[in-house]
Amino acid sequence: MNTLTNAPERCPLNATFELTVRCNLKCKMCLFRHDDKENAEIIRNELTAEQWAGFAREAAEMGTVGVLITGGEPLLRPDFCEIYESIYRQGFMISLYTNATLVTPEIMELLRKYPPHKIGISIYGASPETYHKVCGNAAAFEKMLEGSRLLCTLPSVTEFRTTIIKDNFCDSRAIEKLVKENFGERHSVTQTRMVMKAVRGACADVESCRLSPQDNVKLSLQKSIDILRERIGDGFDENNVRIRQENLKKNADCSSAVNHRLSLFGCSGGMTAFAVTWEGKLQACQTLGAFSTDAVELGLKKAWETFPLSVKLPEPNKKCLNCEMSDLCQSCYALRYAETGNLEDCPEYACRDCEVMKSFCL
Amino acid sequence: MSVDNNIRYQAKPNYIRRKVGGNDILIPVAENVADFNGFIELNSTSAFIWDKLATPHTINEVADAVADEFGADKIIAFGDTKELFDLMLEHNMLVEVG
Ligand code: SF4
Ligand code: SF4
Ligand code: SF4
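On a predicted model such as this, the values are computed, not experimentally measured, just so you know. (Residues numbered from 1 in each chain as written. Chains lettered and ligands numbered in written order. Predicted model: local features only at pLDDT ≥ 70, side-chain atom pairs only at ≥ 80, totals over all residues. Heavy atoms only, no water.)

This part is about the overall build of chain B. When its secondary structure is counted, chain B shows 3 helices and 5 strands. Sequence-ordered secondary structure for chain B, helices as α and strands as β, is β-β-β-β-α-α-α-β. Sorting the 98 residues of chain B into buried and exposed places 45% on the buried side. Partitioning the contacts of chain B with sequence separation of at least 6, the portion at a separation of at least 24 is 55%. Put simply, chain B shows about 5,100 Å² of open surface, and 49% of that area lies on carbon and sulfur atoms. (Helix = DSSP H or I, 4+ residues; strand = E, 2+ residues; numbered from the N terminus. Buried < 20%, exposed > 50% of the residue type's maximum accessible area, 1.4 Å probe, protein only. Contact = heavy atoms within 4.5 Å. Areas by Shrake-Rupley, 256 points an atom, 1.4 Å probe, with all protein chains shown as cover.)

Now the structure itself:
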């Protein structure tokens, strides 16, 4: 047996701080939001502003460069300004993810003083009707537009992000158009490629609202087909378009281009990145809740250092090892765990998605 | 804007100096967040110059300090310092103090 004499080097360059799993919206496909009935209990267990300030200090000492502040909806926390400022003042490259519906004058004053380097704004429809269907709140549409207009006055880079499910499928082009018309041509909309089941006790019934694998693949090819149509006109059958497979990256890696051959999960999670959950657990990423260490009890540094000891992976799945579609597969440990409840089974939705994608490949 | 030998310059407060894995970096903050597509890595000379510019100095004063600190030839030290000053002025990282 070959044994590694040295563990591969780990460096906590990027952190995700999940301030809460509560949200003012109720998106049908939300990965993280818990049922509102749990709010009182969640609020009792959320980390305090002081604890977040302490983690920010520790992260800076550990050499973390990028911090993503997210939720749930981070702006929902009444002490958001205090938390944000304490993280910002440590000197990180800050990203802030928000649904932009809770942008108050107080928050704008703070963000003008301490603009994030990047703001990710989620947009789930191009009309109040779609917002009602997807997020359970029609009025949130106007609020999102208003909030986004304010956020776009900041010097930050702004990225609009969407997740398409059955209820906003017909809005997918309209969302892109709305963003360009309201916020400028240079803005495009980043789309979640694979909508996975909710994680860590979140309440969404994703299976009932996400697209069929056929529609999901069609959607992911839509932008390219639109560009093709712009260039060569309508004289082709979009169902007969074929893709040449070049440099398709195995495993969606969320945040880093580092070589992960010697890694914990085949990606940056736990190697160059980590997430701290709303209750203070350190995980490889926000979605993979199977392994964690307790950053409240151990402190962030120790929780990071000892994290690999918490990881116990099963033997790789034989079907996946021998799978001819693995280059196209969107599956990773987090998706596998969310979809099947364990780390060894094949996530059927991802397999079916792959099969459809393969049928479009040369 | 080019460097004026008679003007004293100071580093803008809109950068947070950090040590990351043994490297010196500057994180742009406040209205400078969009000036760089990321953070700025400093080598030992530029880190020294940046720290020197925490208080107002002319380019000649900084170049002399660089020559002393690194035991470098004055002309070479001035050339290196000028190169960095030009870059910092181009990226709006310095203020003129007079
Ligand atoms: S997807 Fe975002 S906006 Fe929607 S409920 Fe979840 S956290 Fe809130
Ligand atoms: S486990 Fe999956 S979701 Fe988590 S960091 Fe790795 S690739 Fe991304
Ligand atoms: S398509 Fe299915 S079997 Fe193939 S690698 Fe992906 S999850 Fe495994």
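In terms of regular secondary structure, chain A is built from 14 helices and 9 strands. On C-alpha atoms alone, chain A measures out to a radius of gyration of 21 Å, which is about the 21 Å that the 2.2 N^0.38 rule sets for 362 residues. The principal-axis extent of the C-alpha atoms belonging to chain A is close to 60 × 60 × 35 Å. Per-residue burial over chain A gives 52% buried out of 362 residues. Intrachain contacts of chain A at a sequence separation of at least 6 include 72% that bridge at least 24 residues. Split by element, the accessible area of chain A, about 17,600 Å² in all, is 50% carbon and sulfur. (Rg over C-alpha atoms; globule rule 2.2 N^0.38 Å.)

So, on to the confidence of the model for chain A. Scored by pLDDT, chain A comes out at a mean of 91, with 94% of its residues at no less than 70. In the model, residues 255-260 of chain A has pLDDT below 50 throughout and makes 11 contacts with residues more than four positions away in sequence or in other chains. (pLDDT = per-residue confidence, 0-100.)

For the rest of this paragraph, the subject is the sheet that holds strand β2 (residues 15-20) of chain B. Residues and elements named next belong to chain B. The strand order across the open sheet built from 3 strands is β2-β3-β4, with neighbouring strands paired in antiparallel fashion. Edge strands, defined here as strands with exactly one partner in the open sheet, are β2 and β4 (40-42). In this sheet, neighbouring strand axes are inclined to one another by 30° on average, regardless of whether the strands run parallel or antiparallel. Summarising the sheet, strand β3 (residues 23-28) and β4 pair through 3 bridges and their orientation is antiparallel. Bridge pairing in β4 places Ile25 opposite Glu41. (Pairing = 2+ DSSP bridges. Axes fitted to C-alpha atoms, helices over the stretch in contact; angles between N-to-C directions.)

All names here are of chain A. Pairing in this open sheet of 9 strands is mixed, and the strands run β6-β5-β4-β3-β2-β1-β7-β8-β9 from one edge to the other. The outermost strands of the open sheet, each flanked by one partner alone, are β6 (189-191) and β9 (293-294). Bridge count for strand β5 (residues 157-162) against β6 is 3 bridges, and the pairing is parallel. Bridge pairing in β6 links Phe160 to Val189.

Below, the discussion takes up the interface of chain B and chain A. On the chain A side, the residues contacting the 13 residues of chain B number 18 residues. For the pair chain B and chain A, the two sides together bury roughly 1,100 Å², of which 68% comes from carbon and sulfur. When residues of chain B are sorted by the area they lose upon contact with chain A, Arg18, Ile27 and Val33 of chain B head the list and together hold 44% of the total. At the boundary of chain B and chain A, one finds 0 salt bridges. Every element with two or more residues in the side of chain B that touches chain A is listed here: β2 and β3 of chain B. Tallied by class, the residues present in the side of chain B that touches chain A amount to 10 nonpolar, 1 polar and 2 charged. (Buried area = accessible area lost by both parts, 1.4 Å probe. Salt bridge = Lys/Arg side-chain N within 4 Å of Asp/Glu carboxyl O. Nonpolar A, V, L, I, M, F, W, Y, C, P; charged D, E, K, R; others polar.)

Attention now moves to the state of the cysteines. Residue and element names in this part refer to chain A. Going through the model one piece at a time under the given rule, you end up with 0 disulfides over all chains. There is no disulfide at Cys11, and the cysteine sulfur nearest it, in Cys267, is 16 Å away. With a relative accessible area of 28%, Cys11 lands in the partly exposed category. (Disulfide = S-S within 2.5 Å.)

This part covers the pattern of salt bridges. All names here are of chain B. Here the structure, examined in full by the defined rule, presents 28 salt bridges over all chains. With a shortest N-O distance of 2.6 Å, Asp51 and Arg17 are connected by a salt bridge. One end of the pair, Asp51, is in helix α1 (residues 44-52); the other, Arg17, is in strand β2, with 34 residues separating them in the sequence. By relative accessible area, Asp51 is classed as partly exposed at 40%.

Core analysis: the biggest nonpolar cluster contains 89 residues, and Phe17 and Phe80 of chain A have the highest contact counts within it. In terms of residues, this core owes the most to one element, helix α2 (residues 49-62) of chain A, which gives 7 residues. If near-sequence neighbours (up to four positions away) are discounted, Phe80 of chain A is found in contact with Leu19, Ile69, Pro74, Leu75, Leu96, Ile107 and Leu110 of chain A. Counting residues in each nonpolar core, the second largest holds 24 residues, with Leu42, Ala47, Val62 and Leu94 of chain B among its members. (Core = buried A, V, L, I, M, F, W, Y, C linked by side-chain atoms within 4.5 Å.)

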